[in-house]
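# Analysis of the macromolecular model
So you can see what is in the structure, the chains are spelled out below.
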Amino acid sequence: MGSSAAMSDTATAGGLLLVMALIVPASGILLQLMLGGPFINRVAFGVLAGGLAVTVATFAVIWQSGQLLAYVVGGWPPPLGIALRADGISAAMMLTTAIVICATALFARKDFAPPRDAPEARGPFVFWPLLFGVWCGLNAVFVSGDLFTLYVALELLTFAAVPLVCLKGGKATLQAALRYLMFALLGSMLYLLGTAMLYGTYGTLDIALLSKQARPVPVAWIAAALMTVGLLAKTALFPLHLWLPPAHAGAPPAGSAVLSALVVKGSFFLIVRLWFDALPALRDPAAAQLLAGLGSAAILFGSVLALRQQRLKLLVAYSTVAQIGYLFFLFPLVTVAAEPWSGFAWTGGWLQLFSHAFAKAAMFMAAGLIAEALGHDRIADLKGAGRALPLTFVTFGLAGLSLMGIPPSGGFTAKWLLLLASVMEGQWWWAVVMLVGGLLAGGYVFMVLGKAFSVGYGAPKLVTTVARSREMVALALALCAVFLGFVPLQPAEFLQVGRPDVAGVAR
Amino acid sequence: MNVITVYGVCATALVGLGLYGLIVNPQPLRKILSLNLLGTGVFLLFGVIARRGAAAGLGGDPVPQAMVITAIVVAFSATALAVALLLRLFEESGSATLDAVDADPAGSEGG
């Protein structure tokens, strides 16, 4: 079976942590469904603590050893069995996910508390298991070592994410959820079709084994193209973004935060796995330029549409469409030929992902609090609202720093690294797009802040007061995005742990 | 043309039909059915690959067979979720369309 030589085919010490990263959130779903009712909150927070501990332990092990963490399920090595693997980017994604999920749970604690006077209510009974379903699906995406397990992980993620959109019920959110599901299912079917073709050609779906065998032949090209398009539909890259704004804007704030910060990143992570790890021989400058070209279109189109929105939550959702575009600069800028700048681009791309996750979760929470306190989220009627909700608007502004790319913020570091790489590699056109995108982002963030803090208007009357603790959760996430700006402006070694040399990333 | 090729061509045709139906039909129910057609084509392709990889006296390579069972279960759950959402949408709005404006009530599908 050719499994004796490869280092990645054996379990490493601490590999069991990867299994725990899947079991803990999954057990959370089951416990909540069984115990449910009045204890659902307590069960949720107990499991959250366990999941956070496993994630931190995984991160620490990879940080200390500087090596890939692997586990072979049931002792059956690939290609017959399934391997779980976590490299530097997996660990960093798992940590980001755990932080955002925990913050979301704290934010949603009051909204989805079990009712006092009834044994059960629909909201909490649906929300908490779905939150853990998203967590379980994301962790599965980050640690799976073969393309079919990744398909199952992706579906788990979709099935948990779609109902989050329509928690409120109502026609508009149901339509948004249904449209999201249609795009997502088309994406999974195309991905599965590509998987079938790859198995038929190479007889394995294990990523490590595929990377050694795959050659740039027509069938591999077609499979890769099908899988990429399928995943782009799930990532909502322009022009497959149509489902995103109504879905992310229609969900309750806690749901929007998870969907926008994490769920779309799951399928992006898979595109990176596919192109950099599974099929490195297929990487082609023209395909990379096309992906980044779509990313550029997303940045310009999403930002301009964000500027034209009249409702705050839709503005934030269109900003997600734009910010996803930056991630795709990874593909043309990280190449073997472009040492040492490809290392800068690699770090910049991932930092953009992490800082956008924190900033966008904070921004959706802030937008949710604003809508709750004012009873509406019409941007035109926000005049003077900054005086009534100072902390929430400061959170919105701090998160906005990261989206615009103003220092100090993770978004600045990320965009600076990408900008540097694109100029030094002679692909200056991406730098132009990044600069224009930053200006447009500045436009829509200041449009909101300018209204909220405009002089000459008294503070509007609040429909209801929002808890200080929830404002603090959103602020903490925005500060996470700001603190990412203190990462040194150079390739981060941790993000290169366990990377194959072919990725063109300097060690 | 041997049997495997015939099945392969059938799988391709099903994928093509499903994709066409999904893009062309505006009604969600037809989109769900088209997705199932597309899925059937993919599953059949797995079968073709299993048969082609037959070795050691087996009727087919068991790995793609195992994968297709998982994939069928996943596709079944996806269809169930989609139909549940569609029914709920019909209960809420009285029509089962994805149009933002309900301009013509007579043209609605009726679920």
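Computed from a prediction, not measured in an experiment: that's the story for all the values here.

## Re the overall build of chain B
Looking only at helices and strands, chain B has 3 helices and 0 strands in total. Secondary structure of chain B in N-to-C order comes out as α-α-α. Burial statistics for chain B: of 111 residues in total, 37% are counted as buried. For chain B, long-range pairs separated by at least 24 residues make up 46% of all intrachain contacts whose partners lie at least 6 apart in sequence. Carbon and sulfur atoms form 68% of the exposed surface of chain B, whose accessible area is close to 6100 Å².

## Structural notes on the nonpolar core
Counting 219 residues, the largest nonpolar core has L147, Y180, F328, F329, F331 and W350 of chain A as its most contacted members. In this structure F331 of chain A touches F268, I271, V272, W275, F276, R283, A288 and L291 of chain A, once residues within four positions along its chain are discounted.

## Describing the interface of chain A and chain B
Contacts between the two partners involve 29 residues from chain A and, on the opposite side, 38 residues from chain B. When chain A packs against chain B, close to 2900 Å² is buried across both sides, 82% of that on carbon and sulfur atoms. In this assembly, chain A and chain B are joined by 0 salt bridges. Inspection of the chain A/chain B interface yields 3 residue pairs in polar contact (both at pLDDT 80 or more). At the level of secondary structure, the elements contributing two or more residues to the side of chain A that touches chain B comprise helix 5 (147–165) and helix 6 (171–202) of chain A. Within the side of chain A that touches chain B, the residues separate by chemical class into 22 nonpolar, 3 polar and 4 charged.

## A word on the packing of helix 10 (residues 253–278) of chain A against helix 14 (residues 341–374) of chain A
Packed helices, taken two at a time, are described by their axes: the angle between them and the distance between them. Residue and element names in this part refer to chain A. It is the contact of helix 10 with helix 14, at a shortest axis distance of 7 Å, that shows an interaxial angle of 165°. Taken as axis vectors, helix 10 and helix 14 run roughly antiparallel relative to one another. Here helix 10 and helix 14 pass one another in a crossing that is right-handed. Counted together, P253, S256, A257, S260, A261, K265, F268, F269, V272 and F276 of helix 10 and W346, W350, L353, H356, A357, K360, A361, F364, M365 and G368 of helix 14 form the full contact between these two elements. Among the residues making up the contact of helix 10 with helix 14, the classes are represented as 14 nonpolar, 4 polar and 2 charged.

## Brief notes about the pairing of strand 2 (residues 83–86) of chain A
Every other side chain in a regular strand lies on the same face of the sheet, so the side chains alternate between the two faces. All names here are of chain A. With burial as the criterion, each face of strand 2 is covered, one bearing A83 and R85 and the other bearing L84 and A86. Direction of pairing for strand 1 (residues 69–72) relative to strand 2: antiparallel, over a ladder of 4 bridges. Each bridged residue has a counterpart across the sheet, and for A70 the counterpart in strand 2 is R85.

What counts and what doesn't
Residues numbered from 1 in each chain as written. Chains lettered and ligands numbered in written order. Predicted model: local features only at pLDDT ≥ 70, side-chain atom pairs only at ≥ 80, totals over all residues. Heavy atoms only, no water. Helix = DSSP H or I, 4+ residues; strand = E, 2+ residues; numbered from the N terminus. Buried < 20%, exposed > 50% of the residue type's maximum accessible area, 1.4 Å probe, protein only. Contact = heavy atoms within 4.5 Å. Areas by Shrake-Rupley, 256 points an atom, 1.4 Å probe, with all protein chains shown as cover. Core = buried A, V, L, I, M, F, W, Y, C linked by side-chain atoms within 4.5 Å. Buried area = accessible area lost by both parts, 1.4 Å probe. Salt bridge = Lys/Arg side-chain N within 4 Å of Asp/Glu carboxyl O. Polar contact = N/O pair within 3.5 Å; in protein donor to acceptor, adjacent residues only side chain to side chain. Nonpolar A, V, L, I, M, F, W, Y, C, P; charged D, E, K, R; others polar. Axes fitted to C-alpha atoms, helices over the stretch in contact; angles between N-to-C directions. Parallel < 35°, antiparallel > 145°, perpendicular 65-115°, else oblique. Left-handed = near helix turned anticlockwise from the far one by under 90°. Pairing = 2+ DSSP bridges.

Function cannot be read off these values alone, since they describe shape.
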